[in-house]
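Take a look at the letters that make up each chain.
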Amino acid sequence: MEKLEQLYEGKAKKVFATENPELLIVSYKDDATAFNGLKKGTISGKGVINNRMSNFLMGKLLEPKGVATHFVEELNDRETVVKKVQIVPLEVIIRNISAGSFAKRYGVEEGIVFDEPTIEFSYKNDDLGDPLLNTYHALALKLATKEEIETIKSMAFQVNDALKAYFKTLGIDLVDFKLEFGRLSDGTIVLADEISPDTCRLWDDKTHEKLDKDRFRRDLGGVEDAYQEVMRRLMGE
Ligand code: TMP
């Protein structure tokens, strides 16, 4: 499959048309941003890791468990064929352990293990800084239908169950993560975007060392090594 014209360039990926109107090619970059693009940098090798990790988790872990995703075929280290979707403009965040904006918003320390996972939604809108909203707001803004929101919620918890158990076998606690969903041309909701150290908080379950983009966001150093370590545990390399 060949890349045709570039349709879109985001903060971490480029998207290209293909000869098939139902399929796109995504190309993962090493560019990293944080705080809605305010902080910019490069994480060398990140594009390769995020591409391969996301494809592995969607294609080998989630699809076999019945979670529909946009993943079609990995073309090479940085490029993947995905189903064309209309992205639902909601960032869906699941949390198992307190961290990040949750800890800040509610004035609690990081590292509190929840009895049950939490779910929250943000309106995917960079100009507004992705404001938090609830499902009533999402309905009022016509971002998704009631049925779509129910589907998205149940898929997100299913993804959490699968990912959390799988990362645990690698000695990693899945602290929290962000998902995006899309609609196929027939309206079917599928998991889209990526699952990577950019979009998940991953802590070593013994040392609690951070193995994710927080090393970049918080200037902790060892960013590349952390991404490599996740890749090594996941794919044995
Ligand atoms: P938060 O604690 O900053 O709200 O982040 C929750 C999770 O969502 C964390 O794993 C990082 C991920 N995330 C993104 O993937 N993109 C974003 O723009 C933000 C703010 C968070």
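What counts, and where the lines are drawn
- Residues numbered from 1 in each chain as written.
- Predicted model: local features only at pLDDT ≥ 70, side-chain atom pairs only at ≥ 80, totals over all residues.
- Heavy atoms only, no water.
- Helix = DSSP H or I, 4+ residues; strand = E, 2+ residues; numbered from the N terminus.
- Rg over C-alpha atoms; globule rule 2.2 N^0.38 Å.
- Buried < 20%, exposed > 50% of the residue type's maximum accessible area, 1.4 Å probe, protein only.
- Contact = heavy atoms within 4.5 Å.
- Lys, Arg positive; Asp, Glu negative; His and termini not counted.
- Charge placed at Lys NZ, Arg CZ, Asp CG, Glu CD.
- Near = heavy atom within 4 Å.
- Polar contact = N/O pair within 3.5 Å; in protein donor to acceptor, adjacent residues only side chain to side chain.
- Nonpolar A, V, L, I, M, F, W, Y, C, P; charged D, E, K, R; others polar.
- Axes fitted to C-alpha atoms, helices over the stretch in contact; angles between N-to-C directions.
- Parallel < 35°, antiparallel > 145°, perpendicular 65-115°, else oblique.
- Pairing = 2+ DSSP bridges.
- Expected span 1.5 Å × (residues − 1).
- Salt bridge = Lys/Arg side-chain N within 4 Å of Asp/Glu carboxyl O.

A look at the overall build of the chain
Looking only at helices and strands, the chain features six helices and 14 strands. What you see for the chain is a C-alpha radius of gyration of 17 Å, in line with the 18 Å of a compact globule of 237 residues. Projected onto its principal axes, the C-alpha coordinates of the chain cover approximately 50 × 45 × 35 Å. Residues counted as buried form 54% of the 237 residues belonging to the chain. Here the contacts in the chain between residues at least 6 apart in sequence split such that 55% fall between residues at least 24 apart. For the chain, the distance from the average position of its 34 positive side-chain charges to the average position of its 42 negative side-chain charges is 3 Å.

Overview of the site of the ligand
Taken together, the neighbourhood of the ligand is formed by 13 residues, with Arg95, Ser101, Asp176, Lys178 and Arg201 sitting nearest. In the model, an oxygen atom of the ligand is placed 2.9 Å from a nitrogen or oxygen of the Arg95 side chain. Between the ligand and Thr199 there is a distance of 3.5 Å, counted from an oxygen atom to a backbone nitrogen or oxygen. Of all the elements in the fold, those that place two or more residues in the shell around the ligand are β9 (90-97), α2 (100-106), β12 (172-183) and β14 (200-204). The dominant element in the shell around the ligand, judged by the number of residues it contributes, is β12, at three residues. When its residues are assigned to classes, the shell around the ligand shows four nonpolar, three polar and six charged.

Quick word on the packing of helix α1 (residues 46-62) against helix α4 (residues 146-169)
Following both chains from N to C, one finds α1 and α4 inclined at 110°, their axes separated by 11 Å at the closest point. Taken as axis vectors, α1 and α4 run roughly perpendicular relative to one another. Contacts between α1 and α4 involve Met53, Phe56, Leu57, Leu61 and Leu62 from the former and Val159, Ala162, Leu163, Tyr166 and Phe167 from the latter. Residue composition of the contact of α1 with α4, by class: 10 nonpolar, no polar and no charged.

Description of the pairing of strand β6 (residues 71-74)
Taken together, the three bridges between β6 and strand β7 (residues 79-83) define a ladder with antiparallel strand orientation. Directly across from Glu74, in β7, lies its bridge partner Thr80. Turn length for the β6-β7 hairpin, with the two strands adjacent in sequence and antiparallel, is four residues.

Remarks on the sheet that holds strand β2 (residues 13-17)
Strand pairing in a sheet relies on backbone hydrogen bonds. The paired strands run either parallel or antiparallel. Sheet architecture is open: five strands sit in the order β1-β2-β3-β7-β6, paired in antiparallel fashion. Each of the sheet's edge strands pairs with one partner strand only, and the pair in question is β1 (6-9) and β6. Sheet twist, expressed as the mean angle between neighbouring strand axes with direction ignored, is 25°. The sheet contact formed by β1 and β2 spans three bridges and is antiparallel. Its bridge partner lying in β2, Gln6 is registered against Phe16.

Remarks on helix α6 (residues 223-235)
Side chains of residues three or four places apart in an α-helix project in the same direction, reflecting 3.6 residues per turn. If you check α6, its first and last C-alpha atoms are 19 Å apart, about what 13 residues at 1.5 Å a residue would give, namely 18 Å. For α6, the full list of buried residues reads Val223, Ala226, Tyr227, Glu229, Val230, Met231 and Leu234. On its buried side, α6 packs onto α1, α4, β14 and α5 (214-217). Positioned one or two residues after α6, Gly236 has a phi angle of 65°, which is positive.

Some remarks on the pattern of salt bridges
Within this structure, the stated rule accounts for 28 salt bridges. A salt bridge links Lys11 to Asp126, with the nearest nitrogen and oxygen atoms 3.5 Å apart. Taken together, the residues Lys11 in the loop between β1 and β2 and Asp126 in the loop between β10 (113-123) and β11 (132-133) connect sequence positions 115 residues apart. Notably, a salt bridge pairs Arg218 with Asp214, separated by 3.4 Å at the nearest N-O pair. Judged by relative accessible area, Arg218 falls into the partly exposed class, the value being 33%. Taken together, the shared-partner salt bridges connect Arg95, Glu110, Glu120, Asp176, Arg201, Lys210, Asp214, Arg217 and Arg218 into one network.

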